[in-house]
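The residues making up each chain are set out below.
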Amino acid sequence: MTNIISNKIKSAFVALAMIGITSCEVTDLQPANIIPDAEAFADANRINAAVLGIYESAQRGFYLGEVQRGYPFGAASTQQGDMKGEDMYNDQLFYEITYTNAQNPQSANNNGQWISLYRMINRANFVIENLDEALSSGVLTQAQRDGYRGEALFLRALAHHELVLFFARPYSDNPTAMGIPYRTFAINDVAKVEPGEAVGRGTVQEVYDQLLSDLNEAEEILPTAGNAFRGRKASAIALKARVMLNMEDWTGVLAEHAKLIAAAEFAVTANPLTPFRGGTSSDNIFSFESTDASNAGVNGALANMYGNPDLGSRGLVKISPIIWRADFWLPGDARRSLRGESDGFVSQGPLGMFTNKYIDNTTFSDNTVIIRFAEIVLAAAESNARLGNTAAAVELLNSVRDRAIPATASSFVAGNFASTDALIEAIINERRIEFLAEGRRWTDIHRLSGEGRMAGIPAKATSRSINNINFYTTDRAIPTDHSLSYSDNLFIWPIPLVEILTNNTSPIPQNPGY
């Protein structure tokens with residue numbers, strides 16, 4: 001977006017991020033829609049609208065000239081994270097490029113993610129740059145200014161972390177590898193075009209340093225009170241824990257987990273489906289809210305993408321038989337329960353198993369759950385295991401697992417694990433089960449391949465070959481393909497070609513091999 005936005009400004013001479021009421025490109029806006037800076041930040045209600053505009057640009061996004069396509073944090077980020085891995089299965093063409101590792105610098109879905117994330121970042125930066133003037137003029141109180149700034153910093157960090165996970169090599173391998181451009185100022189004026197183009201990729205280390213800087217400040221100034229649909233102190237803490245896990249900062253993860261425990265507000269829900277039925281449970285730390293009036297639309301809604309076609313969804317993505325038949329997933333686990341059995345986690349069709357986490361394929365009101373407390377608990381479990389704190393690791397692992405396993409099964413004890421590596425593997429497998437269909441698998445493949453624990457992207461069920469429920473219910477051989485070595489250039493995505501070509505002054509380097 002660095003230069004995609006820049007070139008739009010060159011031709012349109014207008015500000016992008018200040019609007020907050022539209023997710024159209026600069027050149028799509030009519031002059032009547034444009035609120036000058038002085039007016040946009042001279043009114044408290046308009047400032048709040050500008051902040052909400054960051055959330056809107058994340059929830060609904062912008063893709064190939066259309067809004068409501070779920071980029072970057074509607075269904076898009078969830079599907080991309082799942083399709084990079086082996087546990088969810090590509091059933092149609094829509095995300096096959098990602099599933100089969102066939103992307104190139106002009107792939108529309110990958111480029112849409114890049115562009116939409118930087119648009120979101122630009123909106124956040126525009127808000128950040130104008131809050132102090134609103135404070136000094138008396139439009140905002142100090143508390144309001146701090147809250148809005150904290151939200152914008154948190155959302156800016158969330159977007160940049162998504163970028164570095166898909167477009168750069170993992171921190172766990174080489175922190176000095178090329179990162180992604182970390183945008184800390186808005187491009188809303190022609191004079192900012194060249195400085196914007198000059199922001200280079202930096203290193204992965206520099207990206208993570210800035211992520212922590214943004215999140216540390218956000219934690220300090222965000223309010224404690226609130227709910228999962230807007231940034232609050234817990235949101236910044238939880239995202240820091242996710243970032244630190246990718247940095248292999250095990251003690252840092254535990255420190256952030258301890259803060260959430262001390263808040264006495266968060267807990268893993270007894271029913272694993274609860275976080276997906278309303279979005280305000282003790283397990284929901286941060287989600288992007290959808291309603292019947294504001295959602296990612298027919299082509300960007302989670303229920304439509306992941307739901308069973310027999311129930312009216314498009315059914316682009318279903319559960320892979322690879323994980324369904326994995327020996328570590330107990331048959332009586334509540335997360336395998338069928339729809340109709342106290343709501344149920346899974347919807348069975350003649351072609352396979354579909355998730356029941358997202359169910360509204362009519363008005364598309366399912367929220368995109370971004371960070372759950374269960375994620376931080378399992379991150380703390382892994383961190384304890386890495387540090388040799390076996391008892392603490394097992395206790396935390398059980399706190400997630402035990403609420404779902406059948407009464408006939410036993411909790412884990414330290415003696416179940418022959419080594420620390422075996423315990424870590426059990427925690428990672430629990431993450432695979434717990435966050436199935438939430439887009440989290442790629443994050444683990446990325447970091448674990450970087451450290452050498454995984455060899456790259458594992459073999460997947462061959463795309464569009466799983467066309468019978470017998471692949472799930474019998475020992476029928478699962479056809480596999482699409483594994484990818486960590487050393488392969490296709491492991492990470494290319495920088496969009498349009499990003500490189502439209503930078504007239506300081507083109508950023510492409511990822512090797514593209």
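Residues numbered from 1 in each chain as written. Predicted model: local features only at pLDDT ≥ 70, side-chain atom pairs only at ≥ 80, totals over all residues. Heavy atoms only, no water.

Engineer: Which residues make up empty space enclosed by the protein, and what values do they have?
Structural biologist: The final tally for this structure, using the stated rule, is seven cavities of 30 Å³ or more. Empty space within the largest cavity amounts to approximately 150 Å³. Along the walls of the largest cavity sit 16 residues, with Ser77, Glu162, Glu438, Gly439 and Arg440 positioned nearest its centre. Counting only elements with at least two residues in the lining of the largest cavity, the list comes to helix H4 (75-83), helix H7 (142-167), strand E8 (368-372) and helix H17 (441-451). Taken together, the residues of the lining of the largest cavity sort by class into six nonpolar, six polar and four charged. The calculated volume of the second largest cavity comes to roughly 100 Å³. If you go around the second largest cavity, the residues you meet are Asp82, Asp87, Met88, Arg431, Arg432, Phe435, Leu436, Ala437, Arg440, Arg441 and Asp444. When contributions to the lining of the second largest cavity are tallied by element, the ones reaching two or more residues are helix H16 (420-434) and H17. (1 Å grid on protein atoms, 1.4 Å probe; cavity = no way out; pocket = protein on both sides within 12 Å on 5 of 7 lines; lining within 4 Å. Points joined across faces, edges and corners; volume = space filled by probe spheres on them. Helix = DSSP H or I, 4+ residues; strand = E, 2+ residues; numbered from the N terminus. Nonpolar A, V, L, I, M, F, W, Y, C, P; charged D, E, K, R; others polar.)

Engineer: Give a description of the packing of helix H14 (residues 373-386) against helix H15 (residues 390-401) that names residues and reports values.
Structural biologist: Across the interface, H14 lies against H15 with an axial gap of 8 Å and an inter-helix angle of 155 degrees. Compared by their axis directions, H14 and H15 come out roughly antiparallel. For the element pair H14 and H15, the recorded crossing hand is left-handed. Residues Ala374, Val377, Leu378, Ala380, Ala381, Asn384 and Ala385 of H14 touch H15, and the partners they reach there are Ala392, Ala393, Leu396, Leu397, Ser399 and Val400. (Axes fitted to C-alpha atoms, helices over the stretch in contact; angles between N-to-C directions. Parallel < 35°, antiparallel > 145°, perpendicular 65-115°, else oblique. Left-handed = near helix turned anticlockwise from the far one by under 90°. Contact = heavy atoms within 4.5 Å.)

Engineer: Provide a residue-level description of the nonpolar core, including the pertinent values.
Structural biologist: Trp114, Tyr208, Leu260, Ile285 and Phe288 are the most contacted members of the largest nonpolar core, which totals 104 residues. The greatest single-element share of this core, amounting to 13 residues, is contributed by H7. Those residues within four positions of Tyr208 in sequence are excluded, and the remaining contacts are His161, Val164, Leu165, Tyr171, Val243, Asn246 and Met247. By size, the runner-up hydrophobic cluster in this structure holds 33 residues, among which are Ala75, Tyr89, Ile319 and Val369. (Core = buried A, V, L, I, M, F, W, Y, C linked by side-chain atoms within 4.5 Å. Buried < 20%, exposed > 50% of the residue type's maximum accessible area, 1.4 Å probe, protein only.)

Engineer: I'd like to hear about H14, residue by residue, with values.
Structural biologist: Between its first and last C-alpha, H14 extends 20 Å over 14 residues, near the 20 Å set by a 1.5 Å rise per residue. Within H14, 14 of the 14 residues are buried, which leaves it mostly tucked inside the rest of the structure. Among the residues trailing H14, Gly388 stands out with phi positive, at a value near 90 degrees. (Expected span 1.5 Å × (residues − 1).)

Engineer: Could you give me a rundown of the environment of Thr368, with the residues and numbers involved?
Structural biologist: Examined against the element boundaries, Thr368 turns out to sit in strand E8. Among the residues examined, Thr368 registers a relative accessible area of 4% and is labelled buried. Here the alpha-carbon distance between Thr368 and Phe73, two residues 295 residues apart in the chain, equals 7.0 Å. Setting aside chain neighbours within four positions, we find Thr368 in contact with Phe73, Gly74, Thr78, Ser287, Phe288 and Leu302.

Engineer: I'd love a proper account of the layout of surface pockets, names of residues and values included.
Structural biologist: By volume, the largest pocket is sized at about 250 Å³. Lining the largest pocket are 12 residues; nearest its centre among them are Leu52, Tyr55, Glu56, Glu289 and Ser294. For the lining of the largest pocket, the element with the most residues is helix H3 (residues 44-59), which contributes five residues. Of the residues that constitute the lining of the largest pocket, the class distribution is four nonpolar, five polar and three charged.

Engineer: Let's hear about the pattern of salt bridges: which residues, and what values?
Structural biologist: Applying the stated rule across the entire model yields 38 salt bridges. For Glu56, the salt bridge identified is with Arg60, shortest N-O distance 3.2 Å. Using a relative accessible area of 18% as the deciding quantity, one classes Arg60 as buried. With a shortest N-O distance of 3.8 Å, Asp87 and Arg441 are connected by a salt bridge. Taken as a pair, Asp87 in the loop between H4 and strand E3 (88-90) and Arg441 in helix H17 lie far apart in primary sequence, 354 residues in all. Comparing Asp87 with Arg441, the two get one shared label, buried. Each member of the salt-bridge network shares a partner with another, and the members are Asp283, Asp333, Arg335, Lys357, Arg372, Arg403, Glu430, Glu434 and Glu438. (Salt bridge = Lys/Arg side-chain N within 4 Å of Asp/Glu carboxyl O.)

Engineer: So what about helix H10 (residues 233-246)? Which residues, and what values?
Structural biologist: The first and last C-alpha atoms of H10 sit 21 Å apart over 14 residues, in line with the 20 Å expected at 1.5 Å per residue. Within H10, 13 of the 14 residues are buried, which leaves it mostly tucked inside the rest of the structure. Of the residues flanking the end of H10, it is Glu248, one or two places downstream, whose phi is positive at about 60 degrees.

Engineer: Describe the pairing of strand E4 (residues 284-288), listing the residues and the values that go with them.
Structural biologist: Burial of E4 is extensive: five of the five residues sit out of reach of the surface. Two strands pair when backbone bridges link them, and E4 and E8 are joined in this way by four bridges, in the antiparallel orientation. When the bridges of E8 are listed, Phe288 appears paired with Thr368. (Pairing = 2+ DSSP bridges.)

Engineer: Give a detailed account of the packing of aromatic side chains, specifying residues and quantitative values.
Structural biologist: Enumeration over the complete set of coordinates arrives at 21 aromatic pairs. With centroids separated by 5.6 Å and ring planes inclined at 55 degrees, the aromatic side chains of Phe41 and Phe126 adopt a geometry described as tilted. Taken together, the residues Phe41 in the loop between helix H2 (37-40) and H3 and Phe126 in helix H6 (residues 108-136) connect sequence positions 85 residues apart. Under the relative-accessibility criterion, Phe41 is labelled buried at 7%. A relative accessible area of 0% places Phe126 in the buried class. Each member of the aromatic cluster is reached from another via a ring pair, and the members are Trp114, Tyr118, Phe166, Phe167, Trp442, Tyr486, Phe491 and Trp493. Directly above the aromatic system of Trp324 lies the positively charged group of Arg336, at a separation of 4.2 Å from the ring centroid. It is Arg336 that lies over the ring of Trp329; its NZ or CZ is 4.8 Å from the centre. (Phe/Tyr/Trp six-rings, centres within 6.5 Å; stacked < 30°, edge-to-face > 60°. Lys NZ or Arg CZ within 6 Å of the ring centre and 35° of its normal.)

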